Amino acid sequence: MTTVALAESSARIAGPRTPGAFARVWRVVRLHYANRMNSIAVPLIIAAFIVTVYLVVQTLIVSATGQNAESGQGDSPGLVYFLPYQVVFAVQAMNLTFAYALGLSSTRRDFSLGTWLMFLIQSAGFAVLFTALSYLEQWTSGWGLHAEIFHTVVYGTGSVGQRLLTFFAGILLFQCIGSVFGAAFVRWRAFGMYVLSAALVVLLLGAVALITFTDSWGAVGRWFVAVGPAGFSAWLLVPAAMFAVIGHLALRRATPKS
Amino acid sequence: MTNLTPVIEVRDLTKRFGSMIALDAVSLTVPADSITGLLGRNGAGKTTLMHVLTGQDFPTSGEARVFGQPPAENASVLQHIAFIKESQKYPDDFKPLHVFRSAPWFFENWDADFADRLVDDFRLPLKRRIKKLSRGQLSAVGVIVGLASRAPLTFFDEPYLGLDAVARQIFYDRLLADYAEFPRTIVLSTHLIDEVANLLEHVIVIDQGRIVLDAPADELRGRAASIVGPKADIDAFVARRGLEVLHREELGGTASILADGIDEVVRADALNSGLQLTPVSLQQLVVRRTGGALAEASR
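Figured I'd write up the structure that's included with this text. (Residues numbered from 1 in each chain as written. Chains lettered and ligands numbered in written order. Predicted model: local features only at pLDDT ≥ 70, side-chain atom pairs only at ≥ 80, totals over all residues.)

1. Focus: the overall build of chain A
Stage number 1. If you tally the helices and strands in chain A, you get 8 helices and 0 strands.
Stage number 2. What you see in chain A, going N to C, is helices and strands ordered as α-α-α-α-α-α-α-α.
Stage number 3. Residues counted as buried form 36% of the 258 residues belonging to chain A.
Stage number 4. Nonlocal contacts in chain A, meaning residues at least 24 apart in sequence, comprise 79% of its contacts between residues at least 6 apart. (Helix = DSSP H or I, 4+ residues; strand = E, 2+ residues; numbered from the N terminus. Buried ≥ 20, exposed ≤ 12 C-beta atoms within 10 Å, placed from the backbone. Contact = placed C-beta atoms within 7 Å.)

Below, the structure written as structure tokens:
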């Protein structure tokens, strides 16, 4: 055939060298940021929306009651609404990007490690942003409204390290919850999600029952006080790591189904 | 013509999904630097075979080796593979420009200029969300990645669903020209056998999870023929030559058969016996090989 004759006349295509382990993981991280709208812009918009809504409400309260909310009313845990989005974000990162990464001939292992690294980066980035905003909030007397969104007893008002750790661990935990659900879906489809949900409910219910029957709520309360915000945040990293390991194992033999 | 070491070696490969046997003790080899057609009907096992060969799925039993190693979770093998499939999913809100931004990170031989030219050829809108693309445009995204990645082993699984005749011709032309310049191993699964028949150097036909044909295309092209003549002469000829009859039709005293295993001796004998012998297309051979009664009924 003519094609063969042509093929013989030219140089063979060079076999690509295999990139090192970190390079292979890192390109998965980059893949998650290929569309920055989804991974950076949307979370920022959601955070900005939560803050805006809260500040408007705070302005209304101040103008209606004619007083500055200085005795705790300005305190809002509103930022927790940022967390459900982290679950959605992580499920999407797992499910759709998994099929695409394998389509680009990535291994499951590299995809999983790259995705967890992306979660760490994402959590660290927002921890830095929120911590910076907590200091800004402090210095501007709650944006001039005595509002407390980032600098609040809910997340702790301690050292810079405590604030960073709390934001980091909180966001990471929710990303890990999302990703373990995403991984279960990729591996076992809807059935995996049902089993995982049921397992989590049983686990939580079991813990509550155990504490109640052993009359230990007092001890639990004392433990919270004893470990403080930083200690509690550090403890959040334990379930986060547990979810990460489960998700990683679930992905090991997952297949991109059509 | 080709390197001695095969790029793909499959031995007794079986893949089950529950009680369904998708691949049934399949054995085959694909030579290096060739364009191989993987042909067969829907559900024959083509996609499953490619999923196993690209590490997207795991074999139930048997062995699949690509570049001498099992492909599953093997980064050094997968690095050499591009797999373009019709059902490829993309992350939410991805646009073609995101695909062409990220694919080069994974394919070291990526040619950005070539990709740009192909985008123009296929008139692909880069900034439209992938979800909003037409079926043909979606196929074009895959075709461009498959060509521009220049992976040493490239699989195209039904790459041109929804592409019009002009776009398909562009695909064949670009594929052939680029293959000539950068020889590599290409496996093309398709229904449009006649369209690609001249492209193929090697043909593998799979039916109900089994390999029914595995041969160089040149060999197949001459191998089957339609023979027409008086009924009695045809019967005598078939018996004398021990031909495998894939299909037979009769009209009055005339019989027409489609026979496999034609060679020079058979051809000369047919001419001397006053029988009319015409070679058949690859597509006809594949249809007769895999269709059975159903394919006949639909013709």
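2. Re the environment of Leu153(B)
Residues and elements named next belong to chain B.
Stage number 1. Among the structural elements, Leu153 can be located in strand S6 (residues 153-157).
Stage number 2. Along the chain, Leu153 and Glu249 lie 96 residues apart, while their C-alpha atoms are 42 Å from each other.
Stage number 3. Residues within four places of Leu153 in sequence aside, it is in contact with Val7, Val66, His80, Ile81 and Thr185.

3. Considerations on the pairing of strand S8 (residues 202-207) of chain B
All names here are of chain B.
Stage number 1. Counting buried residues along S8, 5 of its 6 residues qualify, which places the element largely inside the surrounding structure.
Stage number 2. Sheet topology note: the strand S3 (residues 35-39)/S8 ladder contains 4 bridges and is parallel. For Leu38, the partnering residue across the bridge sits in S8 and is Ile204.
Stage number 3. In the sheet, S8 pairs with strand S9 (residues 210-216) via 6 bridges, with the strands oriented antiparallel. When the sheet's bridge partners are listed, Asp207 is paired in S9 with Arg210.
Stage number 4. With antiparallel pairing between neighbouring strands as the criterion, S8 and S9 make up a hairpin whose turn holds 2 residues, including Gln208 at a positive phi of roughly 50 degrees. (Pairing = 2+ DSSP bridges.)

4. Some remarks on helix H2 (residues 21-32) of chain A
Stage number 1. Its 12 residues give H2(A) an end-to-end C-alpha distance of 18 Å, which sits within 8% of 16 Å, the value for a rise of 1.5 Å per residue.
Stage number 2. For H2(A), the full list of buried residues reads Arg24(A), Val25(A), Val28(A), Leu31(A) and His32(A). Projection of H2(A) onto a plane perpendicular to its axis shows the buried side chains occupying an angular sector of 110 degrees, all on one side. Facing away from the buried surface of H2(A) by more than 90 degrees, the exposed residues are Phe22(A) and Ala23(A).
Stage number 3. Of the surrounding secondary structure, the elements contacted by the buried residues of H2(A) are helix H3 (36-65), helix H4 (82-103) and helix H5 (108-139) of chain A together with helix H2 (75-78) and helix H3 (96-106) of chain B. (Expected span 1.5 Å × (residues − 1). Arc of directions from axis to C-beta.)

5. What about the interface of chain A and chain B?
Stage number 1. With 38 residues of chain A at the interface, the matching set in chain B holds 40 residues.
Stage number 2. Mapped onto the side of chain A that touches chain B, the elements with two or more residues apiece are helix H1 (2-9), H2, H3, H4 and H5 of chain A.
Stage number 3. With 7 residues, H4(A) is the largest single contributor of residues to the side of chain A that touches chain B.
Stage number 4. Its residues assigned to classes, the side of chain A that touches chain B shows 16 nonpolar, 14 polar and 8 charged. (Nonpolar A, V, L, I, M, F, W, Y, C, P; charged D, E, K, R; others polar.)

6. Quick look at the packing of H2(A) against H4(A)
Residue and element names in this part refer to chain A.
Stage number 1. At a minimum axis separation of 11 Å, H2 and H4 run at an interaxial angle of 120 degrees. Judged on the interaxial angle alone, H4 and H2 are oblique. Between H2 and H4 lies a crossing of right-handed hand. Between H2 and H4, the contacting residues are Val28, Leu31 and His32 on the first element and Ala93, Thr97 and Ala101 on the second.
Stage number 2. Split into classes, the residues belonging to the contact of H2 with H4 amount to 4 nonpolar, 2 polar and no charged. (Axes fitted to C-alpha atoms, helices over the stretch in contact; angles between N-to-C directions. Parallel < 35°, antiparallel > 145°, perpendicular 65-115°, else oblique. Left-handed = near helix turned anticlockwise from the far one by under 90°.)

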